[in-house]
Amino acid sequence: MIFLRLIWSYLLIGLFGFGGGYAMLALIENQIVGNGWISGKMFTDIVAVSQMTPGPIGINSATYIGYVAPQSNGYDGWWWGVAGSVLCTLVVVLPSFLLVTYTSHLISRHHDSAAVKGIFAGLRPVVVGLIASAAMLLMNSSNFGTDSYDITCSIIICITAFCLVHFAKIHPILVICIAAVAGVIIF
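Being a predicted model, the structure only gives us computed values, none of them experimental.

## Points about the overall build of the chain
Phase 1: Along the chain, the regular secondary structure elements total nine helices and zero strands.
Phase 2: Beginning at the N terminus, the succession of helices and strands in the chain can be written as α-α-α-α-α-α-α-α-α.
Phase 3: Here the chain holds 187 residues, and 26% of them are scored as buried.
Phase 4: For the chain, contacts bridging at least 24 residues in sequence account for 60% of all contacts bridging at least 6.
Phase 5: In the form shown here, the chain has an accessible surface area of approximately 11300 Å², with 74% of it arising from carbon and sulfur atoms.
Phase 6: Side chains of the chain give 6 positive and 6 negative charges; the mean places of these two sets differ by 19 Å.

This is the structure in structure tokens:
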């Protein structure tokens, strides 16, 4: 049954996905694309849309996959998608909620402990590595195209967007809109 598979996948993502949305991307892709619920191209589109919408990537992708997966597995009707969205969203948040609720008391009581400091010191480089892994995961032909023209245009749009936000201090939402128009015109 698709709902049990969704619960299991998002329970794993919720339990083992730490360090934020980008750090969780490899795990999310493995669970979602690996189970055949969506294609790799659709996954990169979900990441883009999840970044443009309010909320974390993990929760936004859970909501979307929860809606799409039942319908792609023969459950006709929008209500199955809504049920899947609610289910996946709750399941991906539940482990973090329970862990934070339980450990916040312990961490606040033992925040000066060498063990707690060591745990956080060990987790920092792991999170940086997971974020770097996410960047490499998104550098694929689905995002940049396969021929030199597509790759060149994608790199130019990327560099231009970075410069507009970082140096010209243009609001990111406006840059997203400009990049979308450029994509429509170029591609």
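## Some words on the packing of helix α2 (residues 21-32) against helix α4 (residues 57-72)
Phase 1: Packing of α2 against α4 leaves a shortest axis separation of 9 Å and a crossing angle of 25°. Here α4 runs roughly parallel to α2, going by the angle between their axes. For the pair α2 and α4, contact is made by Gly21, Tyr22, Met24, Leu25, Ile28 and Ile32 and by Ile57, Gly58, Ser61 and Ile65, respectively.
Phase 2: A breakdown of the residues in the contact of α2 with α4 according to their chemical character gives seven nonpolar, three polar and no charged.

## A closer look at a nonpolar patch on the surface
Phase 1: A surface patch of nonpolar side chains, amounting to about 730 Å² of accessible area, comprises Tyr67, Trp78, Trp79, Trp80, Val82, Val86 and Leu90.
Phase 2: Here the nonpolar patch takes six residues from helix α5 (residues 78-109), the largest share from any one element.
Phase 3: With respect to the helices and strands, tryptophan 80 occurs in helix α5.
Phase 4: Judged by relative accessible area, which is 31%, tryptophan 80 ranks as partly exposed.

## Examining the nonpolar core
Phase 1: Core analysis: the biggest nonpolar cluster contains 24 residues, and Leu6, Tyr10, Leu25, Ile38 and Ile65 have the highest contact counts within it.
Phase 2: Elements with a minimum of two residues in this core: α1 (2-16), α2, α3 (40-52), α4, α5 and α6 (114-138).

## Some points on the packing of aromatic side chains
Phase 1: All told, the structure shown has five aromatic pairs when counted by the stated rule.
Phase 2: An aromatic cluster is defined as three or more aromatic residues linked by ring pairs; in this entry it consists of Phe3, Tyr75 and Trp80.

## Some thoughts on the environment of glycine 118
Phase 1: Counting through the fold element by element, glycine 118 comes out in helix α6.
Phase 2: For the pair glycine 118 and leucine 6, spaced 112 residues apart in the sequence, the C-alpha separation amounts to 34 Å.

Definitions and limits used
Residues numbered from 1 in each chain as written. Predicted model: local features only at pLDDT ≥ 70, side-chain atom pairs only at ≥ 80, totals over all residues. Heavy atoms only, no water. Helix = DSSP H or I, 4+ residues; strand = E, 2+ residues; numbered from the N terminus. Buried < 20%, exposed > 50% of the residue type's maximum accessible area, 1.4 Å probe, protein only. Contact = heavy atoms within 4.5 Å. Areas by Shrake-Rupley, 256 points an atom, 1.4 Å probe, with all protein chains shown as cover. Lys, Arg positive; Asp, Glu negative; His and termini not counted. Charge placed at Lys NZ, Arg CZ, Asp CG, Glu CD. Axes fitted to C-alpha atoms, helices over the stretch in contact; angles between N-to-C directions. Parallel < 35°, antiparallel > 145°, perpendicular 65-115°, else oblique. Nonpolar A, V, L, I, M, F, W, Y, C, P; charged D, E, K, R; others polar. Patch = residues over 30% accessible without salt bridge, like charges linked within 9 Å, V, L, I, M, F, W, Y side chains within 5 Å. Salt bridge = Lys/Arg side-chain N within 4 Å of Asp/Glu carboxyl O. Core = buried A, V, L, I, M, F, W, Y, C linked by side-chain atoms within 4.5 Å. Phe/Tyr/Trp six-rings, centres within 6.5 Å; stacked < 30°, edge-to-face > 60°.

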